[in-house]
Amino acid sequence: MTAHQTILILDFGSQFTQLIARRIREHAVYCEIHPYTLANEPGFAAIRAMKPAGIVLSGGPSSVYEEGAPSIHAGLFDLGIPILGICYGAQLVARLLGGDVRPAERREYGRASVRVKVQDGVFRTVAPGEELTVWASHGDHVDGLPPGFVHTAESDNCRFSGFANAERRIHGVQFHPEVVHTPRGAELLGNWLFGVVGARGDWSMASFVDEAVARIRAQVGDDGRIICGLSGGVDSSVAAALIHRAIGDRLTCIFVDNGLLRRGERDYVASIFRDHFAVDLRVVDGEQRFLEKLADVTDPEKKRKVIGYEFIAVFEEEAHTIANARFLAQGTLYPDVIESVSFKGPSAVIKSHHNVGGLPERMKLALVEPLRELFKDEVRQLGLELGLPRHMVWRQPFPGPGLAVRCLGALTKPRLDVLRAADAIIEEEIRAAGLYESIWQSFGVLLPVRSVGVMGDARTYEETLALRAVHSRDGMTADWVPLPYDLLGRISSRVINEVRGINRVVYDITSKPPGTIEWE
């Protein structure tokens, strides 16, 4: 534990749990996510040891009245710690303290309008009668409040959208203040943090650096050496810079050219880490090796696992040439973990990431993941704090499996070269339009879909490029970007005229959810 005032988030399986943490950290308040089972341990030993300033009970996919539904010991409410229940967490508060939760006659999914009844606690900055636009996602509702609780907010479909016991500092809301679709959600969370909990707001990225350095040194010891899998993306680059700050020349970075990289990536990474940081960087030419393993592999999950296994195999081989190499560093982030495994709770698996899945049992290197509980924008802040150049820190996210998940169908060198060329044009034009840093991700996806075209007087029958550009704050939700028509036209024209193998460009206008950002 750190010396910071801490908010404990108990996870009941919501896909939004990590967003609660992100919004709390935006208020400069440190927080940690742990499984709800922590509140079922005898005597709440672990929770008492953490000394949390407040506790948030997250949402979740279950119904509180179902047999086997995630629950906690009601004694948690007697510890005197301020508690905020969100959605499922609010229903659990009501049920465990003597209220009633039932299936709603009309479910509430998507945007809703909540009327505030009591200007206090979560709603202390909202006047009575004022309506708030919120994001709701529930099929059950609180049908009766526990003794001692007051009704603080309501909607047309949900009578008890908010309720509280001010004396016990227990609050509940039947909507999600953590998502961007609740415009004043950050304000509501701030009301709870500073008005109910009394948070100090004493956490910063500078303090994170000092603490992370101390943790790395403690894990590695005085003579351990770390191998860092450097991809050239923001995450692994920042992880490498942080580890270099902690242990200096006991870090060896390995950059694997697997044939799935962006154009010029190999030279770009070498110039940053050899020239800027003077890091021991070893470049492995693995293009042929990876493409042979991926031959005839078209299933996206299998692609990811093959790439993950092969990466680890390369690191194991390189480790034999590095004296006392006992650790493997990865730039794993919160969203990677949440989407890959039921991290600190029973959240649903969406897809695996090569960073966190598919590690072989034979691997003899212990993992060092210093960014595991950070979000992408926090990682960017950290990179600048560590002295990485802005053009690297603000690179758009690039998937761990690289172009393998943007080249649908068979992975061949000719098809990957076509995609590389198109991707370079997209980046050039997005940058020239001054939009690169304001867009979360913009890239092309090569589709195994051929169509007839006409170029000059000749008939063509070539593949299609899907252009994808999205806005996001953390990668967990995303909206498509309405790129200017003239920019779309320039990209399409250049790709079709300059890249042999593509004769049609289409634009993907799917948000996340229901889609994902990457196509695979």
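Presented here is a report on the structure given in the accompanying data block. These numbers come from a predicted model, not from an experiment.

### Quick notes on the overall build of the protein chain
Argument step 1. Looking only at helices and strands, the protein chain features 14 helices and 18 strands.
Argument step 2. The C-alpha radius of gyration computed for the protein chain amounts to 25 Å, which stays within 12% of the reference 24 Å derived for 520 residues, consistent with globular compactness.
Argument step 3. Along the first, second and third principal axes, the C-alpha set of the protein chain runs to 75 × 65 × 40 Å.
Argument step 4. Evaluated residue by residue, the protein chain yields a buried proportion of 60% over its 520 residues.
Argument step 5. Averaging the coordinates of the 58 positive side-chain charges in the protein chain and doing the same for the 66 negative ones gives two points 1 Å apart.

### Notes on the packing of helix H6 (residues 234-247) against helix H11 (residues 376-385)
Argument step 1. The N-to-C vectors of H6 and H11 enclose an angle of 45°; their axes lie 9 Å apart at closest approach. The angle between H6 and H11 falls in the class oblique. For the crossing formed where H6 meets H11, the hand is left-handed. Between H6 and H11, the contacting residues are Val234, Asp235, Val238, Leu242 and Arg245 on the first element and Lys376, Val379, Arg380, Leu382, Gly383 and Glu385 on the second.
Argument step 2. Residues that form the contact of H6 with H11 fall into these classes: 5 nonpolar, 1 polar and 5 charged.

### Digging into helix H14 (residues 485-498)
Argument step 1. Its 14 residues place the ends of H14 20 Å apart at the C-alpha level, agreeing with the 20 Å of an ideal helix rising 1.5 Å per residue.
Argument step 2. Turning to H14, its buried residues number three or more, namely Leu487, Leu488, Ile491, Ser492 and Val495. End-on view of H14: buried residues confined to an arc of 130°, all on one side of the axis. In H14, those exposed residues whose orientation departs by more than 90 degrees from the buried face are Tyr485, Asp486 and Asn497.

### Comments concerning the pattern of salt bridges
Argument step 1. Taken as a whole and assessed by the stated rule, the structure comprises 35 salt bridges.
Argument step 2. Where glutamate 518 meets arginine 406, a salt bridge forms, and the shortest distance between an N and an O atom there is 2.8 Å. Here glutamate 518 is found in the segment after strand E18 (502-508), whereas its partner arginine 406 is found in the loop between helix H12 (390-393) and helix H13 (413-432), with 112 residues between them in sequence.
Argument step 3. With a relative accessible area of 2%, arginine 406 lands in the buried category.
Argument step 4. Between arginine 415 and glutamate 463 there is a salt bridge, with its nearest N and O atoms 3.1 Å apart.

### Quick word on the state of the cysteines
Argument step 1. Under the counting rule described, the total for this entry stands at 0 disulfides.
Argument step 2. Sulfur of cysteine 253: no disulfide; nearest cysteine sulfur belongs to cysteine 228 and is 4.6 Å away.
Argument step 3. Looking at cysteine 253, the relative accessible area reads 0%, which means it is buried.

### Remarks on the packing of aromatic side chains
Argument step 1. All chains considered together, the criterion is met by 8 aromatic pairs.
Argument step 2. Ring geometry for phenylalanine 12 against tyrosine 36: centres 5.2 Å apart, planes inclined by 20°, an arrangement best described as stacked. One end of the pair, phenylalanine 12, is in the loop between strand E1 (6-11) and helix H1 (17-25); the other, tyrosine 36, is in the loop between strand E2 (30-35) and helix H2 (45-50), and 24 residues separate them in sequence.
Argument step 3. A network of ring pairs unites the aromatic residues Phe12, Tyr36 and Tyr88 as a single cluster.
Argument step 4. The ring of phenylalanine 398 carries the charged tip of arginine 262 above its face, separated from the ring centre by 4.1 Å.
Argument step 5. Above the plane of the ring of tyrosine 436 lies arginine 431, whose end atom (NZ or CZ) is 3.7 Å from the centre.

### Things to note about helix H8 (residues 287-294)
In an α-helix, one turn spans 3.6 residues, which is why side chains three or four residues apart end up on the same side.
Argument step 1. For H8, the full list of buried residues reads Phe290, Leu291 and Leu294. The buried residues of H8 occupy one face: seen down the axis, they fall within an arc of 95°. Exposed side of H8, more than 90 degrees from the buried face: Gln288 and Glu292 are the residues found there.
Argument step 2. Next to the buried residues of H8 lie strand E11 (251-257), helix H9 (300-319) and H13.
Argument step 3. Aspartate 296, located one to two residues past H8, shows a positive phi value of around 70°.

### Structural notes on the pairing of strand E13 (residues 325-329)
Argument step 1. Of all 5 residues that make up E13, 4 are buried, and the element is covered over most of its length.
Argument step 2. Pairing analysis gives 4 bridges linking strand E10 (residues 225-229) to E13, with the strands arranged parallel. Paired with isoleucine 227 across the strands is leucine 328, a residue of E13.
Argument step 3. As paired elements, E13 and strand E14 (residues 366-368) share 3 bridges and run parallel to each other. Within E14, the position partnered with alanine 329 by the bridge is valine 368.

### Points about unusual backbone geometry
Argument step 1. Of note, the amide linkage connecting lysine 512 to proline 513 takes the cis form, showing an omega dihedral of -15°.
Argument step 2. Along the chain, proline 513 falls in the segment after E18.
Argument step 3. With an omega of 15°, the peptide bond running from proline 513 to proline 514 counts as cis.
Argument step 4. Relative to the helices and strands, proline 514 is located in the segment after E18.

### Description of the sheet that holds E14
Argument step 1. If you walk across this open sheet you meet the 5 strands as E12-E11-E10-E13-E14, and the pairing is parallel. For this open sheet the edge positions go to strand E12 (280-285) and E14, each flanked by a neighbour on one side alone. Between one strand axis and the next, the sheet turns by 30° as a mean value, whatever way the strands run.
Argument step 2. Set on the sheet, helix H7 (residues 265-276) makes contact with E11 and E12; between it and E12 the angle comes to about 165°.

Cut-offs used in this document
- Residues numbered from 1 in each chain as written.
- Predicted model: local features only at pLDDT ≥ 70, side-chain atom pairs only at ≥ 80, totals over all residues.
- Heavy atoms only, no water.
- Helix = DSSP H or I, 4+ residues; strand = E, 2+ residues; numbered from the N terminus.
- Rg over C-alpha atoms; globule rule 2.2 N^0.38 Å.
- Buried < 20%, exposed > 50% of the residue type's maximum accessible area, 1.4 Å probe, protein only.
- Lys, Arg positive; Asp, Glu negative; His and termini not counted.
- Charge placed at Lys NZ, Arg CZ, Asp CG, Glu CD.
- Axes fitted to C-alpha atoms, helices over the stretch in contact; angles between N-to-C directions.
- Parallel < 35°, antiparallel > 145°, perpendicular 65-115°, else oblique.
- Left-handed = near helix turned anticlockwise from the far one by under 90°.
- Contact = heavy atoms within 4.5 Å.
- Nonpolar A, V, L, I, M, F, W, Y, C, P; charged D, E, K, R; others polar.
- Expected span 1.5 Å × (residues − 1).
- Arc of directions from axis to C-beta.
- Salt bridge = Lys/Arg side-chain N within 4 Å of Asp/Glu carboxyl O.
- Disulfide = S-S within 2.5 Å.
- Phe/Tyr/Trp six-rings, centres within 6.5 Å; stacked < 30°, edge-to-face > 60°.
- Lys NZ or Arg CZ within 6 Å of the ring centre and 35° of its normal.
- Pairing = 2+ DSSP bridges.

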